[in-house]
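# Examination of the molecular architecture
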Amino acid sequence: MLDITIREAIERTVRDASRIITEAARTREVFMAKEGHANYVTVYDRRVQEYLFDKLHRIMPEAAFFGEEEGHDVFREEYRRGWLFVIDPIDGTSNFINGYFPSVISCGLFLDGKPYLGIVYNPFNDELFRAERGQGAFLNDRPIRVSDKHLRDGLVGFGTSPYYEELHEKTWKLCAGYLERCVDLRRSGSAAWDLCQVAAGKLTLFFEMKLGLYDFAAGAVIVEEAGGTFVNMDGEPVSFDGQSSVLAYGSGVLPEEILDNRSVL
């Protein structure tokens, strides 16, 4: 268990970093494209990440760092030992560029290669989700739990894996299948945020065909500590060493309500 003063210091640092986002006056004019269709990074992504790396290093100098804006996706073997921060400085960058929210900061802290602490903060409505392994999940210090609804009575969130065109058709097939099994579908543009909505019981299920580790590093522990299930889309444990498909759902979802990824595709 982390010392409470360390956990609170991490939370404050995430909140402080969010000021870089909220004070950005001309976001749309200062962005550059990463490699791939519609894959953008703003100067604010980099500023937030640099701020977090600097301040969190002072709080936990023993921890390593793995951030989306480092320019690589290689999970090195040494990351499996000790503490590791996994950072997405702005999850929902396309939303941010276009003034369409949510856009959140996702901060995961791993211990020996597995998620231990997750913090997801949306500065635009001041909602901070957090969970520490074995300590439950919270929204602004209020305990949260996943929904106990059957899928047929709930909402399904999804991501489109927009950077991977080969997955688009498969994603829409899954959407069509789930639309027949639930009340309706929802798409926010931030996987970290959607995972928190599962944890809070607002979404009954969330899926996406391919996500970066930074997208789900924090949300995974938040979902599980809220009583939910977090696996890949084959129903197997996520390895937490790189990209993965993601399936998260509440306690009321029946096995027969979950689409078999392989048979549908």
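Just so it is clear, the model here is predicted, and its values are computed rather than measured.

Another point: the environment of D184. Its location among the elements puts D184 in strand β11 (residues 184-186). With 28 residues separating them in the primary sequence, D184 and V156 have C-alpha atoms 6.4 Å apart. With sequence-adjacent residues up to four places away left out, D184 is seen in contact with G154, L155, V156 and L179. Reaching out from D184, the side chain makes a polar contact with the side chain of R186 at a distance of 3.2 Å.

Scanning the entire structure with this criterion turns up 18 aromatic pairs. Considering the side-chain rings of F158 and W172, the 6.0 Å spacing of their centres and the 75° angle between planes classify their relative orientation as edge-to-face. You can see F158 sitting in strand β10 (residues 155-158) and its partner W172 sitting in helix α4 (residues 168-179), a full 14 residues away along the chain. When its relative accessible area of 8% is taken as the criterion, F158 is described as buried. Considering the side-chain rings of F216 and F230, the 5.9 Å spacing of their centres and the 40° angle between planes classify their relative orientation as tilted. With a gap of 14 residues between them, F216 in helix α6 (residues 213-225) and F230 in strand β13 (residues 229-231) connect regions that are remote in the sequence. With relative accessibility at 0%, the residue F216 sits in the buried group. F230 gets classed as buried once you look at its relative accessible area, which sits at 5%. Every member of this aromatic cluster is reached through a ring pair, and the members are F66, F75, Y79 and Y214.

Rules used in this analysis
Residues numbered from 1 in each chain as written. Predicted model: local features only at pLDDT ≥ 70, side-chain atom pairs only at ≥ 80, totals over all residues. Heavy atoms only, no water. Helix = DSSP H or I, 4+ residues; strand = E, 2+ residues; numbered from the N terminus. Contact = heavy atoms within 4.5 Å. Polar contact = N/O pair within 3.5 Å; in protein donor to acceptor, adjacent residues only side chain to side chain. Phe/Tyr/Trp six-rings, centres within 6.5 Å; stacked < 30°, edge-to-face > 60°. Buried < 20%, exposed > 50% of the residue type's maximum accessible area, 1.4 Å probe, protein only.

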